[in-house]
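Coordinate analysis (summary)
The chain contents come next:
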Amino acid sequence: MTHLHIALWGVLPYLSLTVLIAGTAWRYRYDRFGFTTRSSQLYESRLLRVGGPLFHYALFLVIGGHVMGLLVPEWITERLRVSETAYHTVALAMGGTAGLAAAGGLGVLLWRRVRVPAVRRATSRSDRLVLPLLTAVLLAGLTATASSVTNPYDYRLGVSVWFRSLFELDPDVPAMAHAPLEYQVHALLAMVLFALWPFSRLVHAFAAPVGYLFRPYIVYRSRARGAGM
Ligand code: HEM
């Protein structure tokens, strides 16, 4: 393995994760009121109503696919009698569809950001960096998926092994160094995206009001007739 391989697949993942965690903590501490999506709904809502949900719901499916594909080892699905061919066919159909839908949603959002003057004016320097990068990550992922149709590569025996080895603090550099270029580009761009995440509007992913779903009902009562009136 060359020094470059070690730097890319053995060092960069930890650098990117450290910046993601430390940067998010720093931003939360010093910019709590800016820790938002900086919503542009007031400027335009028709395109946002279509592009926003399409992008986010499709992305949730893509993330679900990544959890399955990267974290669940192949021997487990084999033990469950799911053959590699069956797994790959389902992953391709579902992941590909979700990826295309996410790309469509992002396309609508980017078009809106460029073509609607008020939204364009509300676009920051960090947006100009992070939004094209997010697009590139998505397109590189789709390219990897598309390439797997003609050039079969079992990423669960390569990319996924590398990914899990990072959490064991024993990076399997060769597993990633031998992956096809489109997978390497995808992972590399994703790591750069993670490092820029805390300094952009993407922090809103960590500020989703999940607690809202579980908060107790607010009880409204009408005043008793005549009381204090
Ligand atoms: C280091 C982090 C990541 C790794 C290791 C990774 C790995 C992969 C792998 C192995 C595939 C499957 C390719 C195939 O089907 O053969 C894929 C596809 C894809 N990835 Fe990632 N990915 C990462 C981060 C991301 C991020 C942050 C995004 C979102 C912006 C993303 C979006 C996609 C999309 C849209 C696809 C294609 C559709 C699909 O298969 O779901 N990935 N990625």
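One structure accompanies this document, and this report is about it. (Residues numbered from 1 in each chain as written. Predicted model: local features only at pLDDT ≥ 70, side-chain atom pairs only at ≥ 80, totals over all residues. Heavy atoms only, no water.)

**Details of the coordination of the iron atom of the ligand**
Bound to the iron atom of the ligand on the protein side are H66 (NE2) and H186 (NE2), at distances that span 1.9 to 2.0 Å. For the iron atom of the ligand, the six donor atoms in the first shell make angles of 87 to 179° at the metal, so the coordination geometry reads as octahedral. Linking H66 in helix α2 (residues 46–71) with H186 in helix α9 (residues 181–196), this pair joins segments that are 120 residues apart in sequence. (Donors = N, O, S within 2.8 Å, 3.2 Å for Na, K, Ca; no water. Tetrahedral: all angles 85-135°; square planar, octahedral: opposite > 155°, others 65-115°. Helix = DSSP H or I, 4+ residues; strand = E, 2+ residues; numbered from the N terminus.)

**Concerning the packing of aromatic side chains**
Under the criterion given, the structure shown has eleven aromatic pairs. Seen from their ring centres, Y28 and F35 are 5.2 Å apart, and the 85° between their planes marks the pair as edge-to-face. Here Y28 falls in the partly exposed class, since its relative accessible area comes to 41%. Take F35: its relative accessible area is 9%, and that puts it in the buried class. (Phe/Tyr/Trp six-rings, centres within 6.5 Å; stacked < 30°, edge-to-face > 60°. Buried < 20%, exposed > 50% of the residue type's maximum accessible area, 1.4 Å probe, protein only.)

**Regarding the nonpolar core**
Counting residues in hydrophobic clusters, the biggest one holds 17 residues, and the most contacted among them are W9, V159, W162, M176 and Y183. For this core, the secondary structure elements donating two or more residues are α7 (159–167), α8 (173–177) and α9. At four residues, the largest contribution of residues to this core is made by α8. Of all hydrophobic cores here, the second largest spans 16 residues; its members include L138, A190, L193 and L202. (Core = buried A, V, L, I, M, F, W, Y, C linked by side-chain atoms within 4.5 Å.)

**Topic: the site of the ligand**
Close to the ligand lie 19 residues, the nearest being H66, G95, T145, Y183 and H186. Between the ligand and H66, the relevant distance is 2.8 Å, taken from a nitrogen atom to a side-chain nitrogen or oxygen of the residue. Between G95 and the ligand, the recorded distance is 3.4 Å, taken from a backbone N or O atom to an oxygen atom. Those elements that place two or more of their residues in the shell around the ligand are α2, α4 (84–115), α6 (125–150) and α9. The leading source of residues in the shell around the ligand is α6, at eight residues. A class-by-class count of the residues in the shell around the ligand yields twelve nonpolar, seven polar and no charged. (Near = heavy atom within 4 Å. Polar contact = N/O pair within 3.5 Å; in protein donor to acceptor, adjacent residues only side chain to side chain. Nonpolar A, V, L, I, M, F, W, Y, C, P; charged D, E, K, R; others polar.)

**Some remarks on unusual backbone geometry**
Although it is not a glycine, R38 adopts a positive phi angle of roughly 50°. Along the chain, R38 turns up in the loop between α1 (3–30) and α2. The phi angle at R81 is positive, at roughly 65°, despite the residue not being glycine.

**Structural notes on the pattern of salt bridges**
Oppositely charged side chains can pair when the atoms bearing their charge come close. One pass over the structure, following the stated rule, counts seven salt bridges. A salt bridge links D31 to R27, with the shortest nitrogen-to-oxygen separation between them at 2.8 Å. The class of D31 is partly exposed, set by a relative accessible area of 30%. Among the ionic pairs, D127 bridges to R38, the shortest N-O distance being 3.6 Å. Placement of the pair is D127 in helix α6 and R38 in the loop between α1 and α2, with a sequence separation of 89 residues. (Salt bridge = Lys/Arg side-chain N within 4 Å of Asp/Glu carboxyl O.)

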